[in-house]
Amino acid sequence: MSARERILDRVRAAIGRRDTIDHPGDFEGWRPPPPAGEAEPAPVEAFRRLFEAAGGEVARVADDREAVAWLAEFASSFATATAGATVPESLRPALPGAPPDEAALGVSMARAAVGETGSLVMDARDGRRAQLLVPTHVVFVQEAHVFATLRDALRDVRADLPSAIGLHSGPSKSADIGQIMVKGVHGPGRVVAVLIAGSPPGNPGSPPR
Amino acid sequence: MTAPTRPNDYRAASVATLRDHPGVRDSVGSATRTFDAHRRQAFSQIEPEAWRDWARDVKSHALTHLDRYLEEAEKRLTANGARVHWAESADEALAVLTEIVGRRSVRTAVKGKSMLTEELHVNPHLERLGVHVRETDLGEYIIQLLGEPPSHIVGPAIHKSIDDCRRLFHRELGTAPDAEPDALAAAAREALRAEFLAADLGISGGNFLAADTGTVALIENEGNIRLSTSLPRVHVAFVGIEKVVPRLEDVSGFLQITARAATGQPIGNFVSLLQGPRRGGEVDGPEEVHVVLVDNGRTELLADDAAWEALRCVRCGACLNICPVYRQTGGHAYGWTYSGPIGAIIAPALLGLEEAMPLPYASSLCGACADVCPVRIPIPELLVHWREKAVEAGLAPLTETAALKAFTLAAEHPELYRTGSALLRWTPWKLGGRALPVLGGWMQEREPPEPSARAFRDAWKDGLV
């Protein structure tokens, strides 16, 4: 008998005599209602608050044209850059290219974002090195792809999963040295999420119509 | 400081820690109070009781259907192109590494923080195989350089002060003796970056395993786990069989409640959701992914009609942070991988009751751990459960056994009880009390109350009460 069979047999013997417990259903993220007179923040606003609270930066642009202008301005202080495989040509910085482990700036396209947790949903098809090795990471995401809850975002990606999804919710940080927070320990120490408002949903990075 | 290697040494090890390393209590106390304050703040923003009910029920559901979900996870992972291994013991889990190291000519490995790989002693095994293995979590890196085991599930180096780190990094990485944490972290980043880029093998644990998609989920803040599981050609994830949950959607709840309970964050700054090796059309990622499903005593725990609930544990460390006993010494005194209240209730099943003694007694049963546990493990009840088992097995401390026997005898014989209670009332506690076992320790720092002049039973007889 294999280890697999022996383990499963012991599991079955152990749980066979025990009452089973039902799955309680979806995670609803139960929260107290907001103070009187205040509305629940919209997903984009919730994302901004949490991403900034976690040490990230957030920029909002009206459309792809503005995104291009924003990037030109932002990238001007960097020497070299790398861009993810799914970043459209227009959103690649006009800087000398460098491999991800040498580039000063990395630009990626997030598949989605999450209001509830302030997370960017990073797809392995965009390239993991460009998401992880650069000191400064710029991530574009369409506002139409900002989900209210993590549950809904995972439900959405479930239908089309790559080898890896990364949820990035702020810069790389650690408090392992004397409980003092430092940024940029392994991954990017500076991360900027750029929310693009005007683009049509379902087609990230496409030019405005 | 060398940590003991078995729980049996707990008493001597905790005395030695407090006597010889008073700074440990300061560092651990400060870190655990900070963790706990963050947890309280994070829980105040949600309805924690509803979250905890949900988390308890999903875990209990998964555990009472564990065979089904393990088989489903195996099927999905295999379809995703990952190789699934089943390991009954640490030796079987390590054999998976031996095979990979030989076949892929592995010379160097990078590791993300994982308690299970500590439990399995992965690092010494790899070193025996001639592999240079590097811990890449900053806290784990610090204690690896010092040759120490982790002292906390979430913050492995919380027993080290900033000055301890300064001295270490000055010696190992040539940083200035008074370097600030930013400079220390930058030096570590540079040293570790080179190791990431060169490593043949990446090793991780797994916080959760979603059965329906075959997804290994990992939580962190530094990005080192993402790097360890993305850069090397081969990735091996060691996952305890109890980590499986039914659906990827369930992971959405666990990522949040675990982060809130552990560090007070809405979610770890980096989460990896790993389905398998790099696919066609992807520009990078490992060519080979192995998932090792590890038993190593977990089915023993599952078979215990009370203690099986401990398998719900998500390793957030909240019970360590709140524990007045853990706070005195940190984790090393406990003598094995899992310290604090959770360690004390899983040790008897994972190590054997005799080997785990006296950990079920390393608690005042104050109940704070049960109040904070995000999956509602009845920790104090399980501590008592193992104490009962220890009494049955004749493993209970002699003083406790003798005291209980004496009380039983007295309680069954009214005359003896009366004489005994009179004797106790006239005992010169303040003079001789400190020499007594158990009570003596209590009296080191406290004034015993003055016994009343009359016994309750005499007052009762006289109609005074």
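Residues numbered from 1 in each chain as written. Chains lettered and ligands numbered in written order. Predicted model: local features only at pLDDT ≥ 70, side-chain atom pairs only at ≥ 80, totals over all residues.

> Help me out: how do you make sense of the nonpolar core in this one?
Nonpolar side chains tend toward joint burial in soluble globular proteins. Membership of the largest hydrophobic core comes to 188 residues, with the highest contact counts inside it found for Ala110, Val121 and Val194 of chain A together with Val244, Val292, Cys319 and Ile345 of chain B. Top element by residues in this core is helix H12 (residues 248-262) of chain B. It accounts for eight residues. Excluding residues that lie within four positions of it along the chain, Ile345 of chain B makes contacts with Ala307, Ala310, Ile379, Leu382, Leu383 and Trp386 of chain B. (Core = buried A, V, L, I, M, F, W, Y, C linked by C-beta atoms within 7 Å. Buried ≥ 20, exposed ≤ 12 C-beta atoms within 10 Å, placed from the backbone. Helix = DSSP H or I, 4+ residues; strand = E, 2+ residues; numbered from the N terminus. Contact = placed C-beta atoms within 7 Å.)

> Explain helix H5 (residues 150-158) of chain A to me, please; I cannot follow it from the model alone.
Turning to H5 of chain A, its buried residues number three or more, namely Leu150, Arg151, Ala153 and Leu154 of chain A. Around the axis of H5 of chain A, the buried residues are gathered within 160 degrees of arc, so they sit on the same side. Considering only its buried residues, H5 of chain A is in contact with strand E4 (112-114), strand E5 (119-123) and strand E7 (146-147) of chain A together with H12 of chain B. (Arc of directions from axis to C-beta.)

> Sorry, what's going on with the domain arrangement of chain B here?
Partitioning chain B into structural domains gives domain 1 (7-160 + 200-298) and domain 2 (398-461). Domain 1 of chain B and domain 2 of chain B are separated by 49 Å when their C-alpha centres are compared. (Domains from an automatic or database assignment.)

> When you look at the environment of Ile177 of chain A in this model, what are you seeing that I'm missing?
For Ile177 of chain A, the position within the fold is in the loop between strand E9 (173-174) and strand E10 (182-183). Aside from chain neighbours lying at most four places away, what touches Ile177 of chain A is Val182 of chain A together with Leu138, Ile162, Cys165, Pro181, Leu184 and Ala185 of chain B.

> I keep staring at the interface of chain B and chain A and nothing clicks. Help me out?
Note: interface size is frequently given as the accessible area lost on complex formation between the parts. Taken together, the contact pairs 78 residues of chain B with 64 residues of chain A. Sorting elements by how many residues they give to the side of chain B that touches chain A places H12 of chain B first, with eight residues. For the side of chain B that touches chain A, a count of residues per class yields 36 nonpolar, 26 polar and 16 charged. Two elements, strand E8 (residues 164-168) of chain A and strand E9 (residues 270-274) of chain B, share five bridges in a ladder whose sense is antiparallel. The residue bridging Ile165 of chain A from the neighbouring strand is Leu273 of chain B, located in E9 of chain B. (Nonpolar A, V, L, I, M, F, W, Y, C, P; charged D, E, K, R; others polar. Pairing = 2+ DSSP bridges.)

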